[in-house]
Structures are given as C-alpha cells and as structure tokens.
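Observations on chain architecture
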Amino acid sequence: MPRMTPLSPLSDPRGDQASSPADASGRASDEPTRWGAPAHTAAARPDACDELAAQTTKDTMSPDLSSERMTYIVGQLEDPPGDPFTLLEAWMRDAFARRDSHGDLPEPTAMVLSTVAVGADGEPVPRSRTVLLKSWDADGFVFYTNRESAKGRELARHGSAALLLPWSPLQRQVRIEGRVELLDDATSDQYFASRPRGSQLGAWASRQSWPIASREDLEAAVSRESARFEGADVPRPPHWGGYRVAPRRFEFWQGRPDRLHDRFAYEPNADGTWRTHRLQP
Ligand SMILES: Cc1cc2nc3c(=O)[nH]c(=O)nc-3n(C[C@H](O)[C@H](O)[C@H](O)COP(=O)(O)O)c2cc1C
C-alpha cells in the first residue's frame, strides 16, 4: 500500500510578516514599483478603488513590461534523486518552511489545474484554475471539487490534466501531467466530513461554475441548506468529491542566473521506476 502524504492544514496568511517580505533579490514587496505604490497599500484607503480604476485607465492600458525581470539566484538542482516523489516531498517541505519563515508563499499547496475543454467549433481549448492539493501518494495527487463544475465536466469528457505548483519565492515550479480518476466515495466522505460546516453547506448551495443572478440569491441558497441540515451532520453532496491525477510525467524547474535554469523531467519505466533527464532551459 503506497504511503499517503497528508498535507497540513493551512493557517491564514500572517499579515504581520506578509506586509514586508523581501523577495530573493532583496526587493521588499511594498517598495514602490514602476507601477507606482503597490495595490495593497492603496487598497487600504477608502478612496482606493476609484484611484486604482483611474490609474488602470491612465497607466496600464498598454503597460510596458519589457524591463520587468529578476535574477534567479536562490538555488540549484543538481543530481536529482531517482524518484520524483522524493524530490517533491523535499520541495514541498521547503515551500512550507518558506511560508513559515517569510510569509510570502501563503498557500504552498495551491496548484494550477489545467483541463481540456471543447470549444463551440469542436476544437480542444485548454482551461486553467487553482485548486488545493490535499494529499498524494505513489498513485497520484488528490484535489476536491464539484464534479458538475466546468472542470468536472471537462474531466469527465477528457480525462487528462496538468498540475502546476508555482513556488515563485523559491524560484521553483513543479509540473505534473497525468490521467485523472475519481477518488473513491469513502475517502471523499472522510475528507468532506473534516471540512468546516460553512464549506459543507456551500458545497450544497453552490452549483459551481453556473451563472447566478446575485450574491443575495447565493446567500439565500446557503440559508436554505443551513435550515435543511439544522441539528444534523452535513453529508457529502453526490456531485462533490475528489479526483486523483495519476502522474505520467513530472518536471522540476529551478531558476538559475542568465536564464540557464535547471530542469529535470521524469517519465515512468514499465517496471514502476522512473527515468530522468535534464532539459535545456
Ligand atoms: C487559492 C485557491 C484555491 C482554490 N481551491 C479550490 C479547490 O480546492 N477546489 C475547487 O473546486 N476550487 C478551488 N478554487 C476555485 C477555483 O480556482 C475555481 O474558481 C473553481 O473551482 C471553478 O472552476 P471551474 O469553473 O473551472 O470548474 C480555488 C481558488 C484559489 C484562488
């Protein structure tokens, strides 16, 4: 039985540390940039929205981003281990350590999930959104969602997906590609039962990805579900559950100076081991 690696629950981003983290180049995130004062500084003031809107119209209609760049000097990746899970575990540990030490990587388990939709013309259309990684083992990477959402429908139709863990403060990214399968009901039930009650009610109230007329309509739907389950545990909705991405390819990327980054891809051998090779940056 492969070992499940549960992920520790995330604490709230800590405002005290998050307010002035220094990035790897030593530039503090609340220093003025070429865009002017950082948005979070302006957004704290009551007139911020109008000001930001005006600034957007005035300055950022066609922004020149050509000189936005940083030097990647934080680390290197030499002689990676033979097993991608070993490297991922080490990097995930580093990501949590970074969150705890600097606060600038608030959600180490947030990953971009890309699926394949079908456009009106029948052509495949890639689509991406963020989900939270909740566990992994040798069988794959688990996330939870509404199975009738856009992504749920896309996965039902085309069961390949790509995951991206963007750990920018560490100048790292991990890419994972694979086939997607439904997680078994017992595991989905167990995870659903561990969620806060408000999230459980939300899973019943929200037809994720479908249009709704107003915020009030959404809140009314939550109130109805809250009344329906008053005094009782909230069961997992049949349309909500887990998915597992069974990996067929990994890629680990570590930024290096002069854009000569370290990249290693892993692909599976027939006997269950992995072969790895360095890729040009
Ligand atoms: C940091 C972050 C974490 C998220 N985690 C989840 C998640 O675990 N599950 C989920 O269904 N949506 C999550 N979302 C919302 C999704 O990005 C997305 O808006 C939603 O799932 C609907 O996507 P879809 O319409 O493509 O199906 C998260 C969003 C963010 C920004």
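Given the structure is predicted, the values throughout are model-derived calculations rather than measurements.

Our focus in this paragraph is the overall build of the protein. Along the protein, the regular secondary structure elements total eight helices and ten strands. When each of the 281 residues of the protein is scored for burial, the buried share is 21%. A separation of at least 24 residues holds for 60% of the contacts in the protein among residues at least 6 apart in sequence.

A few words now on the nonpolar core. Membership of the largest hydrophobic core comes to 28 residues, with the highest contact counts inside it found for F141, F143, A161, L163, V174, I176 and V245. Elements supplying a minimum of two residues to this core: helix 4 (84-102), strand 2 (110-118), strand 5 (140-146), strand 6 (160-167), strand 7 (172-182), strand 8 (240-254) and strand 9 (262-268). Here this core takes five residues from strand 8, the largest share from any one element. Excluding its chain neighbours within four sequence positions, the residues that come into contact with I176 are F141, L163, V245, P247 and F250.

Further remarks concern helix 5 (residues 150-157). Of all the positions in helix 5, only K151, G152, E154 and L155 are classed as buried. Looking straight down helix 5, one finds its buried side chains confined to an arc of 165 degrees; they lie on one side. Away from its buried face by more than 90 degrees, helix 5 exposes A156 and R157.

Before going further, it helps to spend a moment on the site of the ligand. Residues in contact with the ligand amount to 15 residues; listed here are only the nearest, R129, T145, S149, K151 and S209. Secondary structure elements with two or more residues in the shell around the ligand: strand 3 (124-132), strand 5 and helix 5. Of the residues assigned to the shell around the ligand, the class counts are six nonpolar, six polar and three charged.

For the rest of this paragraph, the subject is the pairing of strand 9. Taken together, the five bridges between strand 8 and strand 9 define a ladder with antiparallel strand orientation. Opposite F252, over in strand 9, you have F264 as the bridge partner. Both strand 9 and strand 10 (residues 274-279) contribute to a ladder of six bridges, which runs antiparallel. When the bridges of strand 10 are listed, R263 appears paired with L279.

Now for the packing of helix 7 (residues 197-205) against helix 8 (residues 215-228). Relative to each other, helix 7 and helix 8 sit at 110 degrees, their axes nearing to 9 Å. Here helix 7 is positioned roughly perpendicular relative to helix 8, judged by the angle of their axes. Along this stretch, helix 7 crosses helix 8, giving a crossing that reads as right-handed. Facing helix 7, whose interface residues are L201, G202, W204 and A205, helix 8 presents L218, A221, V222, E225 and S226. Tallied by class, residues from the contact of helix 7 with helix 8 come to six nonpolar, two polar and one charged.

Attention now goes to the pairing of strand 8. Counting buried residues in strand 8 gives eleven out of 15 residues, a clear majority hidden from the surface. Of the pairings in the sheet, the one linking strand 5 to strand 8 comprises six bridges and is antiparallel in character. By the bridge assignment, V142 is partnered in strand 8 with R244. Pairing geometry for strand 7 and strand 8, over eleven bridges, is antiparallel. Bridging from a neighbouring strand, I176 pairs with F250 of strand 8.

Interpretation of this model should avoid reading the predicted coordinates in detail wherever pLDDT is low. In the predicted model, the protein carries a mean pLDDT of 85, and 78% of its residues have values of at least 70. Overall, residues 1-6 carries pLDDT values under 50, and its contacts beyond four positions in sequence, including any with other chains, amount to eleven contacts. Scored below 50 in pLDDT, residues 8-49 makes 41 contacts in the model with residues more than four places away or belonging to other chains.

Cut-off values and rules
- Residues numbered from 1 in each chain as written.
- Predicted model: local features only at pLDDT ≥ 70, side-chain atom pairs only at ≥ 80, totals over all residues.
- Helix = DSSP H or I, 4+ residues; strand = E, 2+ residues; numbered from the N terminus.
- Buried ≥ 20, exposed ≤ 12 C-beta atoms within 10 Å, placed from the backbone.
- Contact = placed C-beta atoms within 7 Å.
- Core = buried A, V, L, I, M, F, W, Y, C linked by C-beta atoms within 7 Å.
- Arc of directions from axis to C-beta.
- Near = placed C-beta within 6 Å.
- Nonpolar A, V, L, I, M, F, W, Y, C, P; charged D, E, K, R; others polar.
- Pairing = 2+ DSSP bridges.
- Axes fitted to C-alpha atoms, helices over the stretch in contact; angles between N-to-C directions.
- Parallel < 35°, antiparallel > 145°, perpendicular 65-115°, else oblique.
- Left-handed = near helix turned anticlockwise from the far one by under 90°.
- pLDDT = per-residue confidence, 0-100.

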